[in-house]
Amino acid sequence: MNNTWGDMAQYDPLIWNWIIAIYLFMAGLSAGSVLIGIGMRWYSKDKSIESPILKASAIIGPVAICLGLACLVFDLTKPFHFWLILINYNFDSVMAIGVAALMAYMPLGFIYSIIVLRDDLAKWKLGFLTPIGNMFLPFRKVIEVLMFVLAIAVGAYTGFLISAMNAYPMLNTAILPALFLASGLSAGAAGNLIVALTCFNSSTHDGEVMKLHGLDLPVIITEIMFLFMLFTSLYFTGGAAAESLASLSQDVWASVFWIGVVGIGFCIPILSMFLPSNARHTKAMMLTVACCSLTGVLALRHFIVYAGQTYIS
């Protein structure tokens with residue numbers, strides 16, 4: 001059955017709205033930021049220094065997931081009963097598995113942030129937390145590995161969560177977890193770059209900043225590949241699945257995809273790579289490209305949530 005926006009006066013197929021899209025964005029941003037931060041630390045030759053990129057991820061990781069979960073709780077019919085989800089687990093449910101992962105990810109994220117930021121806490125009047133960072137410092141390697149694994153789980157979980165909606169062809173696909181994880185990496189890289197440049201005065205010519213800036217192209221290509229796989233799978237499935245591709249050419253969500261996701265999120269970062277080196281590596285240009293990447297990921301989450309619910313099988 002094809003439900004266009006014009007039919008909504010009789011039947012509204014939308015179950016999730018913009019609040020859920022924001023939650024999915026924030027969860028992806030948090031997971032991607034942590035994966036980028038820890039991954040670059042492991043790749044770095046000098047692990048004794050807390051780099052601006054790692055410090056940025058230590059801030060974005062816990063803050064973004066907390067904001068995302070606040071959106072999720074706010075969207076509940078009975079927000080003050082959210083604690084029931086934390087004590088009642090049904091591991092046949094994707095949501096229950098995701099909540100369990102989040103319950104481990106959040107406290108570990110705060111502990112790891114205190115470890116990374118232990119030398120900066122005093123100047124933010126949070127020096128009372130420094131002993132906690134020093135206490136957990138000997139366990140850093142174990143915490144890093146756990147955080148890395150949990151970040152992958154959280155980043156992919158957002159895709160598994162909405163792919164469990166069997167009645168919606170665009171959502172009910174195994175490609176979504178991979179797409180959301182890839183776009184989360186894009187958001188995380190952009191977020192880390194913005195915070196590193198603006199809050200920790202990192203140089204645009206710093207080695208790690210240059211490496212992070214260089215991740216734009218491979219991550220964008222990966223996102224495009226997963227989007228191509230998603231749309232071709234819908235086309236060859238036929239029926240309502242193929243009809244859902246109309247969301248690429250009809251109504252406001254087609255504009256969100258082509259302008260927000262493709263134009264701002266993909267084209268501007270790619271075109272910036274053809275600028276002269278002295279223009280491409282300025283602080284203003286790096287921040288502009290990073291903001292475009294974040295905008296593109298946010299637009300993608302909204303497109304998938306809304307356009308994906310427009311058609312049911």
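About the cut-offs
- Residues numbered from 1 in each chain as written.
- Predicted model: local features only at pLDDT ≥ 70, side-chain atom pairs only at ≥ 80, totals over all residues.
- Heavy atoms only, no water.
- Helix = DSSP H or I, 4+ residues; strand = E, 2+ residues; numbered from the N terminus.
- Buried < 20%, exposed > 50% of the residue type's maximum accessible area, 1.4 Å probe, protein only.
- Contact = heavy atoms within 4.5 Å.
- Areas by Shrake-Rupley, 256 points an atom, 1.4 Å probe, with all protein chains shown as cover.
- Patch = residues over 30% accessible without salt bridge, like charges linked within 9 Å, V, L, I, M, F, W, Y side chains within 5 Å.
- Salt bridge = Lys/Arg side-chain N within 4 Å of Asp/Glu carboxyl O.
- Phe/Tyr/Trp six-rings, centres within 6.5 Å; stacked < 30°, edge-to-face > 60°.
- Core = buried A, V, L, I, M, F, W, Y, C linked by side-chain atoms within 4.5 Å.
- Axes fitted to C-alpha atoms, helices over the stretch in contact; angles between N-to-C directions.
- Parallel < 35°, antiparallel > 145°, perpendicular 65-115°, else oblique.
- Left-handed = near helix turned anticlockwise from the far one by under 90°.
- Nonpolar A, V, L, I, M, F, W, Y, C, P; charged D, E, K, R; others polar.
- Disulfide = S-S within 2.5 Å.
- pLDDT = per-residue confidence, 0-100.
- Expected span 1.5 Å × (residues − 1).
- Polar contact = N/O pair within 3.5 Å; in protein donor to acceptor, adjacent residues only side chain to side chain.

Along the protein, the regular secondary structure elements total 13 helices and 0 strands. Ordering the α and β elements of the protein from the N terminus gives α-α-α-α-α-α-α-α-α-α-α-α-α. The burial tally for the protein puts 50% of its 313 residues in the buried class. Put simply, of all contacts in the protein between residues at least 6 apart along the chain, 78% involve residues at least 24 apart. Taken as a whole, the protein presents about 14500 Å² of accessible surface, with 71% of it coming from carbon and sulfur.

Let us look at a nonpolar patch on the surface. Taken together, the side chains of Trp-42, Val-145 and Val-149 define a hydrophobic patch exposed on the protein surface, amounting to about 260 Å² of accessible area. Residue position: Val-149 is located in helix H6 (residues 140-163).

Let us look at unusual backbone geometry. In the Ramachandran plot, Lys-125 falls in the positive-phi region, its phi being about 60 degrees despite a non-glycine side chain. For Lys-125, the location among the structural elements is in the loop between helix H4 (94-116) and helix H5 (130-136). At Asn-201, a position not held by glycine, the phi torsion is positive, near 50 degrees. Looking at where Asn-201 falls in the secondary structure, it is placed in the loop between helix H7 (175-199) and helix H8 (207-213). Classification of Asn-201 as exposed rests on a relative accessible area of 66%.

So, on to the packing of aromatic side chains. Counted according to the given criterion, the structure contains 7 aromatic pairs. For the ring pair Phe-257 and Trp-258, a centre distance of 5.0 Å and an interplane angle of 85 degrees mean the geometry is edge-to-face. The buried category is assigned to Phe-257, whose relative accessible area is 4%. Trp-258 sits in the partly exposed class, given a relative accessible area of 47%. Ring-pair connections join several aromatic residues into one group, and the members of that group are Phe-231, Phe-257, Trp-258 and Phe-303.

Judged by nonpolar contacts, the single largest core of 87 residues is most densely connected at Phe-231, Phe-303 and Ile-304. Of all the elements, helix H1 (residues 18-43) adds the most residues to this core, at 15 residues. Once you skip the residues sitting within four places of it in the chain, Phe-231 turns out to touch Leu-245, Leu-248, Phe-257 and Phe-303.

This part covers the packing of H1 against helix H13 (residues 283-308). The N-to-C vectors of H1 and H13 enclose an angle of 135 degrees; their axes lie 9 Å apart at closest approach. In terms of their interaxial angle, H1 and H13 are classed as oblique. The interaxial crossing formed by H1 with H13 has right-handed handedness. Contacts between H1 and H13 involve Trp-18, Ala-21, Ile-22, Leu-24, Phe-25, Gly-28 and Leu-29 from the first element and Leu-294, Val-297, Leu-298, Arg-301, His-302, Val-305 and Tyr-306 from the second. Split by residue class, the contact of H1 with H13 holds 11 nonpolar, 2 polar and 1 charged.

One can find Ile-111 in helix H4. The contacts of Ile-111, once residues within four sequence positions are left out, are Phe-136 and Ile-143.

Throughout the structure, instances matching the rule amount to 0 disulfides. Left without a disulfide partner, Cys-292 is nearest to the cysteine sulfur of Cys-291, which lies 7.2 Å away. Looking at Cys-292, the relative accessible area reads 10%, which means it is buried.

It is worth spelling out the confidence of the model for the protein at this point. Put simply, the protein has an average pLDDT of 86, and 88% of its residues get 70 or more. Counting contacts from residues 1-11, a segment whose pLDDT is below 50, to residues more than four positions away or on other chains yields 19 contacts.

Right, let's talk about H1 for a bit. The end-to-end C-alpha distance of H1 is 37 Å, a good match for the 38 Å that 26 residues give at a rise of 1.5 Å each. In terms of burial, H1 is largely enclosed, as 22 of its 26 residues are buried. The opening residue of H1 is Asn-17, an N-cap whose side-chain oxygen sits 3.1 Å from the backbone nitrogen of Ile-19.

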